[in-house]
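What follows is the residue order along each chain.
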Amino acid sequence: MASNDDVISNFFGQGGAGDQPAWPADYRCGYVSIVGRPNVGKSTLLNHILGQKLAITSRKPQTTRHRMLGIVTRDNVQAIYVDTPGIHGQERKAINRYMNRAASSALKDVDVVLFVVDGLKWSPDDELVLEKLQKISLPVLLVINKVDTVEDKAALLPHIEQLTQRLPFAEVVPVSALKGHNLDRLHDAVGQRLPFSPPFYDEDQITDRSQRFLAAEMVREKIMRQLGEEVPYELTVEIEEFKQEGRLLRISACILVEREGQKKIVIGDNGQRLKLIGTEARIDMEKLFGSKIMLSLWVKIKGGWSDDERALKSLGYGDA
Ligand SMILES: Nc1nc2c(ncn2[C@@H]2O[C@H](COP(=O)(O)OP(=O)(O)OP(=O)(O)O)[C@@H](O)[C@H]2O)c(=O)[nH]1
């Protein structure tokens, strides 16, 4: 009869004759931070690298509030991306302090950093990020995004030269996140700098976040897009019901705003705006979850939450 030790070692596949390692020795896996000031295209970049819409995007800065992992597994490389809120100078309210903390913590415990900038544009907020990066000793890749918008391509070289003098970048990769240009080169450049290691996540897993969380983010994105400049930063979405019923996924979400006026704006005349937000969010969710969705949206007033650390914690903002 087999001893306990034999049973255990057989179960874990250790020590047996002819055992093959499950992963090639040159497999690489590690964490990659995407940092940059708001609106340079970090979330768009992550979505296109993943080949799937995961992070929410809009023309409005500070769309990204949470840290979330996006996992890309290809060519014996598993790159685990950390999307972060844009780093910015102003910390007036608790929500802004939270976002700065989340962005700074993304520079710890990673293997490679992508510093994303917007074409030839350079602002004090870019400067702030560069200064943070000068203090760390990790390989930093300069990702010049939105090159599709740069008319004077010849001006890119002196710009790169100037920035490289401030920080010796491991590599400079011009890309267009929106058009998906040069992203393979970026994947290779990242892969070469990750440590040799088996993958940490299943090879078909694309994020560490729950479907519930992603559903709330989809709704938030549609609100930001619909409302443009009118949208209050002080707005959040809570999922109240998330239930699979046969082939139907029933989702009920509550949009929390601070004031009566904001509630009216989100709902719109005769509820038209809320209806549109719901339809667009549902279409995205059906694509991402591969299921038929029944989505109900509600708007509620919750006074002053964005300036209240305790309320933030209760809504899941406290773990940065
Ligand atoms: N033309 C062009 N626009 C882009 C490109 N990448 C992103 N954008 C646009 O830039 C805007 C901001 O993109 P986001 O991905 O939300 O930017 P972000 O850096 O994640 O922003 P925060 O969440 O505020 O930190 C959106 O309107 C994108 O469509 C690009 O390669 N070319």
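Predicted model only: the values in this text are computed from it and were never measured. (Residues numbered from 1 in each chain as written. Predicted model: local features only at pLDDT ≥ 70, side-chain atom pairs only at ≥ 80, totals over all residues.)

S.K.: Got a minute to help me understand the overall build of the protein chain in this structure?
M.R.: Along the backbone of the protein chain there are 10 helices and nine strands. Within the protein chain, the proportion of its 320 residues that are buried is 33%. Long-range pairs, those at least 24 residues apart, make up 71% of the contacts in the protein chain between residues at least 6 apart in sequence. (Helix = DSSP H or I, 4+ residues; strand = E, 2+ residues; numbered from the N terminus. Buried ≥ 20, exposed ≤ 12 C-beta atoms within 10 Å, placed from the backbone. Contact = placed C-beta atoms within 7 Å.)

S.K.: How should I be thinking about the packing of helix α7 (residues 211–227) against helix α9 (residues 272–289) in this particular structure?
M.R.: Contact geometry of α7 with α9 gives a least axis separation of 9 Å together with a crossing angle of 140°. Judged on the interaxial angle alone, α9 and α7 are oblique. Between α7 and α9 lies a crossing of right-handed hand. Side by side, α7 and α9 meet where Gln211, Leu214, Ala215, Met218, Val219, Lys222, Ile223 and Gln226 of the first sit next to Arg273, Leu276, Ile277, Glu280, Ala281, Asp284, Met285, Leu288 and Phe289 of the second. Taken together, the residues of the contact of α7 with α9 sort by class into 11 nonpolar, two polar and four charged. (Axes fitted to C-alpha atoms, helices over the stretch in contact; angles between N-to-C directions. Parallel < 35°, antiparallel > 145°, perpendicular 65-115°, else oblique. Left-handed = near helix turned anticlockwise from the far one by under 90°. Nonpolar A, V, L, I, M, F, W, Y, C, P; charged D, E, K, R; others polar.)

S.K.: Would you explain the confidence of the model for the protein chain in this entry?
M.R.: Detailed reading of predicted coordinates is not advised where the pLDDT is low. Of the residues in the protein chain, 73% reach a pLDDT of 70 or more, and the chain-wide mean stands at 81. Averaged over each element, pLDDT in the protein chain is lowest for helix α1 (residues 4–12) (53) and highest for strand β5 (residues 140–145) (97). With pLDDT under 50 throughout, residues 12–18 is counted as low confidence; its partners more than four residues away or in other chains account for four contacts. Interface confidence in the predicted complex, given as ipTM, is 0.96; pTM for the same model is 0.69. (pLDDT = per-residue confidence, 0-100.)

S.K.: I tried to follow the sheet that holds strand β9 (residues 292–301) on my own but got confused; where do I start?
M.R.: The pairing of strands in a sheet happens through backbone hydrogen bonds and is either parallel or antiparallel. One open sheet holds the three strands; their spatial order is β7-β8-β9, and the pairing between them is mixed. Each edge of the sheet is formed by a strand with only one pairing partner; in this case those strands are β7 (236–245) and β9. Each adjacent strand pair in this sheet contributes to an overall mean axis angle of 15°, direction not counted. Strand direction decides the pairing type here: strand β8 (residues 248–257) and β9, joined by 10 bridges, are parallel. Counted as the bridge partner of arginine 250 is methionine 294 from β9. Across the sheet, α7 lies against β7, β8 and β9, angled at about 130° from β7, the strand it touches most. (Pairing = 2+ DSSP bridges.)

S.K.: How do you make sense of the pairing of β7 when you look at a structure like this?
M.R.: On a regular strand, one side chain projects to one face of the sheet and the next to the other, so that they alternate. Alignment of β7 against β8, held across nine bridges, turns out to be antiparallel. Its bridge partner being in β8, glutamine 244 is matched across the sheet by leucine 249. Hairpin connection of β7 to β8: two residues between the antiparallel strands, including glycine 246 at a positive phi of 65°.

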